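Fold and contact review
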Amino acid sequence: MPKRFRVALVTGATRGIGYNVGKEIVKRMPLTTTYLTSRVNVAGFQAILGMQLGAAARDRAKFVRMDVRDLEAVNGMKEKIVKNFGGLDILVNNAGIYHVPDKSLSVFPKQVQEILGINYWGTKNVIGSFFPHFKPHSRIVNITSNLGHIMSVKSMEDELKEALRLRFNSCSNEFELDGLLLKFQRDAIQGTWRKEGWPSCGYTVSKMAINAYTRILQTQFDEDDREDVVVNAVYPCTKHSKIDQSDMKILDDEEGAKFVFYMAAVKPNSHGVFPRGAVIWNNSRVVDNREGYTYNNKHQVKLPLEIPQV
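Residues numbered from 1 in each chain as written. Predicted model: local features only at pLDDT ≥ 70, side-chain atom pairs only at ≥ 80, totals over all residues. Heavy atoms only, no water.

1. Some remarks on the nonpolar core
Counting 52 residues, the largest nonpolar core has Phe168, Leu177 and Leu181 as its most contacted members. Among the elements that take part in this core, helix α9 (residues 202-222) stands out by supplying 10 residues, more than any other. Look past the residues within four positions of Leu181 in its chain and what remains in contact with it is Leu116, Tyr120, Trp121, Phe168, Val205 and Ala209. By size, the runner-up hydrophobic cluster in this structure holds 34 residues, among which are Val26, Tyr262, Ala265 and Ala278. (Core = buried A, V, L, I, M, F, W, Y, C linked by side-chain atoms within 4.5 Å. Buried < 20%, exposed > 50% of the residue type's maximum accessible area, 1.4 Å probe, protein only. Helix = DSSP H or I, 4+ residues; strand = E, 2+ residues; numbered from the N terminus. Contact = heavy atoms within 4.5 Å.)

Below is the structure:
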């Protein structure tokens, strides 16, 4: 059996885009061990993947039950990977949850707590645990959404949208961003979130936070001694059964997974300029970067259409 030199971790990996991203890594990176985690029971998934890709793929795919909100479980996974591989090469943060917004005071605060607990704080649990153990040239992808874009907020006036955008753009470090999210949670509990200028969708706020966190993280990695550690937030443009995507071109999970895989597996210095700390949609459009928040086609990068062979 050949020695495997790299290791990947995909969270939220038993369904939809998460499963297909994990499957793409297993299929295209035969010298990589891939851990695929989920907060639900993972029994049977390794056998299913083996039937789809063959017995050899089953050997290098490891399905593990892990709730990103459970820091003890996250640290346990980190310790296993560090012990066996010395660190992590690829991380795809896909674990997330969406609730159709319910503006009632008895429900909305609970939605906010659960959504942020998984989508934001859970993502931070994983990245924070592995932060000292990302290897040089590591790639991190945080899955984001069209609802994380300010233009998706339909129920707010333009000046409130601008104020909301500035709230997130003005966060220069994790401490400030965490404080902003804690304020949103408090405002939701107190029933004052609309008065305080927040949208009535916890998922939207969680993905705006992920986009800002991605920018902040890249700044931290750029100041680090490790070479070429890159993090981007990627929207795969795949179907979500509960989200209105009527004005968008939607891809199936397999097509979306190919783009996420590219962003997670591109080699150092591949194809010239590569986005860092940016928000990227699956049409290769950078919609948010450290130069400012933009929309439509003001910032573009021509990423290659072919999937890299790794």
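2. Concerning the packing of aromatic side chains
Two aromatic rings are characterised by how far apart their centres lie and by the angle between their planes. Tallied over the full model, the rule gives 14 aromatic pairs. Judged by centre distance (6.4 Å) and plane angle (85°), the ring pair of Tyr35 and Phe85 falls under edge-to-face. Of the two residues, Tyr35 sits in strand β2 (residues 32-38) while Phe85 sits in helix α4 (residues 71-85), which places them 50 residues apart along the sequence. You can call Tyr35 buried: its relative accessible area is 6%. For Arg167, the ring lying beneath its charged end belongs to Trp198, and the centroid distance is 4.3 Å. The lysine or arginine in question, Arg226, covers the ring of Phe131, its NZ or CZ lying 5.2 Å from the ring centre. (Phe/Tyr/Trp six-rings, centres within 6.5 Å; stacked < 30°, edge-to-face > 60°. Lys NZ or Arg CZ within 6 Å of the ring centre and 35° of its normal.)

3. Thoughts on empty space enclosed by the protein
A probe matching the size of a water molecule, rolled over the atoms, marks out where space remains unfilled. For the structure on display, the rule yields 2 cavities of 30 Å³ or more. One number sums up the size of the second largest cavity: a volume of about 40 Å³. Residue assignment for the lining of the second largest cavity shows that the elements contributing at least two residues are β5 (134-143) and α9. Its residues assigned to classes, the lining of the second largest cavity comprises 3 nonpolar, 5 polar and 1 charged. (1 Å grid on protein atoms, 1.4 Å probe; cavity = no way out; pocket = protein on both sides within 12 Å on 5 of 7 lines; lining within 4 Å. Points joined across faces, edges and corners; volume = space filled by probe spheres on them. Nonpolar A, V, L, I, M, F, W, Y, C, P; charged D, E, K, R; others polar.)

4. Remarks on the pattern of salt bridges
Counted under the stated rule, the structure contains 14 salt bridges. The closest approach of N and O atoms between Lys183 and Asp187, which form a salt bridge, is 3.1 Å. One end of the pair is Lys183 and the other is Asp187, both in helix α8 (residues 174-190) and 4 residues apart, which spans about a single turn. (Salt bridge = Lys/Arg side-chain N within 4 Å of Asp/Glu carboxyl O.)

5. Things to note about α9
Helix length check: α9, at 21 residues, gives a terminal C-alpha distance of 30 Å against a target of 30 Å (1.5 Å per residue), a fit within 8%. By the criterion of burial, α9 is predominantly enclosed, with 18 of the 21 residues buried. (Expected span 1.5 Å × (residues − 1).)

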